[in-house]
Amino acid sequence: MKWIQRQKYFLDFTLSSLLRRKGKHLSLLFVYTFIVFLIGSVMLFAGAIRKTAVDVLIDGPEMTVQRIIAGRHDFIPLHYIESIQNIRGVRTVRPRLWGYHFHSASGANYTLMAAPDFEYGPDQIIVGAGVVRSWSGIAEDRLYLVGFDGRAHLLKIVETLDSGIDLVAADLILMAESTFRDITGVPEGYATDLAVEIRNPRECATIGEKIVRLFPETRPILKSEILRTYAAVFDWRSGYVVVLLAGSVLAFFILAWDRAVGLSAEERREIGVLRAVGWDVSDILILKWWEGGVISLTAFFLGIIGAYLHVFWASAPVFAHALQGWAVLYPELHLYPDPDPYQIGALFFLTVVPFGFVTLIPAWKAAVTDPSSVMK
Amino acid sequence: MAFALRKSDAWLLFLGGCIILFALAANGYSVIHQKEHQQQMMNARQLVGRLGLTDLCLFTEARYTRHLSQADLHAPFQDHPLSLSHFPSGSHVGPPIHLKTVSRHEVDSTAKILP
């Protein structure tokens, strides 16, 4: 109890000292909070997208097999299916028919796909919510597409996918196989690529080798590689956003260091008086530790609360603009928090601990100097 | 007599309030939207499984950004980290995974060595 009371006296003294120089400390608190908010937002946003990617794409095919001709992606003959199916460990092989359609009026790229077991007619389509939002010139739920041969196709929207699954389906236009071939010109007997399901996922690499041995022009892409791709894209430690942020973080610590090193005459006198009335160096250090603690804990909590509100409650408007880039079609993001104490811990150690060191060392230097010389 | 709160108590109360607000901001969204999120995830997984989808619809600017994992090997930022991309998405996407790992090359090269 005595120890707690002692610390509370230190805290009282610290807060009075901070309030005496409101302008200086409030501006520092504002910049500090903003830095925590930015880094926190990046970490939470990246973590949530990475988690969603892994959770959603885990049900995708174990392997997709592309055909590469002269270094470019080419359509894969359907007779490859039988040979791949005969490889031990392969459960199913199914062709995927998909491609892109650039709609010049909207200026957006859409993904056309032939849905297996498509239950509607040849002139009917299912579209993602993003298509309805962005396709200019939708009249009476009909899309007007120009096919590969210049022929016009008028397709009726019979179903719109829920905007809640925009993250995988915003730009999808699903149709029957015959309609897809009619619009894109992909000949019968060919598919865009093959989706391979494998009994034991640990055999993926071996089966990939066997496929390449059978068909040397193919390129197997494993699901583990796809998941790693998304983990790498949204890895906050190696992301470009954090690299860019690193500059501002460094600038902040230089500012904090500069302010702490350049202790004002009033602050030096204060330390001198405290030493003269009998305070120990350790007492001064505790005082300064509390000073750093009050600023950094306040900034940390205000920043992280702001980051949570920004990313999850407001759907990250700051990053949405950056991620959108030149894209006309952008999914409605409904991110869900990934409860990861490691992230919060990492943010705490990245922002609070360095600030403590930056402010403590100059205070120690001032505290060990002779009180009489400080007060002169 | 007016009740005067010590500065330390006031700040500790403020910090406690911040911690409660933090817990609410962090968990409130999950609690409120849990059912809706689970339903959406189930729908998304069903669609991914049915269509065999491989990528997230995040960057629709170009074909090599829409399907990051399926892009041509010669497309911008697929070959090396400094290759130019015309689209801003390139600045968010790091170097391709095959530059950091050797798994795909292992698959390719092993196949070429074998008869």
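Residues numbered from 1 in each chain as written. Chains lettered and ligands numbered in written order. Predicted model: local features only at pLDDT ≥ 70, side-chain atom pairs only at ≥ 80, totals over all residues. Heavy atoms only, no water.

As for the overall build of chain A
Looking only at helices and strands, chain A features 14 helices and 13 strands. For 376 residues, the compact-globule formula gives about 21 Å, and the C-alpha radius of gyration of chain A, at 30 Å, lies well above that figure. Overall, chain A is about 95 × 50 × 40 Å in size when its C-alpha atoms are taken along their principal axes. Counting across all 376 residues of chain A, residues that qualify as buried make up 53%. Surface exposure of chain A reaches about 17,100 Å², of which carbon and sulfur atoms provide 62%. With 35 positive and 37 negative side-chain charges, chain A shows a separation of 11 Å between the mean positions of the two kinds. (Helix = DSSP H or I, 4+ residues; strand = E, 2+ residues; numbered from the N terminus. Rg over C-alpha atoms; globule rule 2.2 N^0.38 Å. Buried < 20%, exposed > 50% of the residue type's maximum accessible area, 1.4 Å probe, protein only. Areas by Shrake-Rupley, 256 points an atom, 1.4 Å probe, with all protein chains shown as cover. Lys, Arg positive; Asp, Glu negative; His and termini not counted. Charge placed at Lys NZ, Arg CZ, Asp CG, Glu CD.)

Side note on the sheet that holds strand 9 (residues 152-160) of chain A
To summarise the sheet geometry, strands pair through backbone hydrogen bonds and adopt either a parallel or an antiparallel arrangement. All names here are of chain A. Here we have 6 strands laid out as an open sheet, ordered 5-6-10-7-9-8, and mixed in their pairing. In this open sheet, the two strands that pair with only one neighbour each are strand 5 (98-103) and strand 8 (142-146). Shown here is a sheet whose adjacent strand axes are inclined to one another by a mean of 35°, direction ignored. In this structure, strand 7 (residues 124-127) lies alongside strand 9, joined through 4 bridges in parallel fashion. When the bridges of strand 9 are listed, Ile125 appears paired with Ile157. (Pairing = 2+ DSSP bridges. Axes fitted to C-alpha atoms, helices over the stretch in contact; angles between N-to-C directions.)

What about helix 8 (residues 223-233) of chain A?
Of all the 11 residues making up helix 8 of chain A, 8 are buried; the element is thus mostly covered by neighbouring parts of the structure. Among the residues making up helix 8 of chain A, those that are buried are Lys223, Glu225, Ile226, Leu227, Thr229, Tyr230, Ala232 and Val233 of chain A.

Considering unusual backbone geometry
All names here are of chain A. Of note, the phi angle at Asp117 is positive, near 55°, even though the residue is not glycine. Along the chain, Asp117 turns up in the loop between strand 6 (108-114) and strand 7. Positive phi outside glycine occurs at Ala316, with the angle close to 45°. Relative to the helices and strands, Ala316 is located in the loop between helix 11 (281-313) and helix 12 (317-324).

Notes on the pattern of salt bridges
Residue and element names in this part refer to chain A. A complete count under the given rule lists 17 salt bridges over all chains for this structure. Residue Asp283 pairs with Arg6 through a salt bridge whose shortest N-O separation is 2.8 Å. With Asp283 in helix 11 and Arg6 in helix 1 (residues 2-20), the pair connects residues that are 277 residues apart, well separated along the chain. By relative accessible area, Arg6 is classed as partly exposed at 38%. With its nearest N and O atoms 3.1 Å apart, the salt bridge here joins Glu217 to Arg67. Residue Glu217 is found in the loop between helix 7 (204-214) and strand 13 (218-222), and its partner Arg67 is found in strand 1 (residues 63-69); the two are separated by 150 residues along the sequence. Salt bridges sharing common partners tie together Arg20, Arg21 and Glu270. (Salt bridge = Lys/Arg side-chain N within 4 Å of Asp/Glu carboxyl O.)

A word on the domain arrangement of chain A
Residue and element names in this part refer to chain A. Here the domain parsing of chain A yields domain 1 (2-56 + 231-374) and domain 2 (76-191). Taking the mean C-alpha position of each, domain 1 and domain 2 sit 49 Å from one another. Domain 1 puts 9 residues into the contact, and the matching count from domain 2 is 15 residues. Around 850 Å² of area is buried between domain 1 and domain 2 when both sides are counted, 73% of it from carbon and sulfur atoms. Here domain 1 and domain 2 share 0 residue pairs in polar contact (both at pLDDT 80 or more) between them. (Domains from an automatic or database assignment. Contact = heavy atoms within 4.5 Å. Buried area = accessible area lost by both parts, 1.4 Å probe. Polar contact = N/O pair within 3.5 Å; in protein donor to acceptor, adjacent residues only side chain to side chain.)

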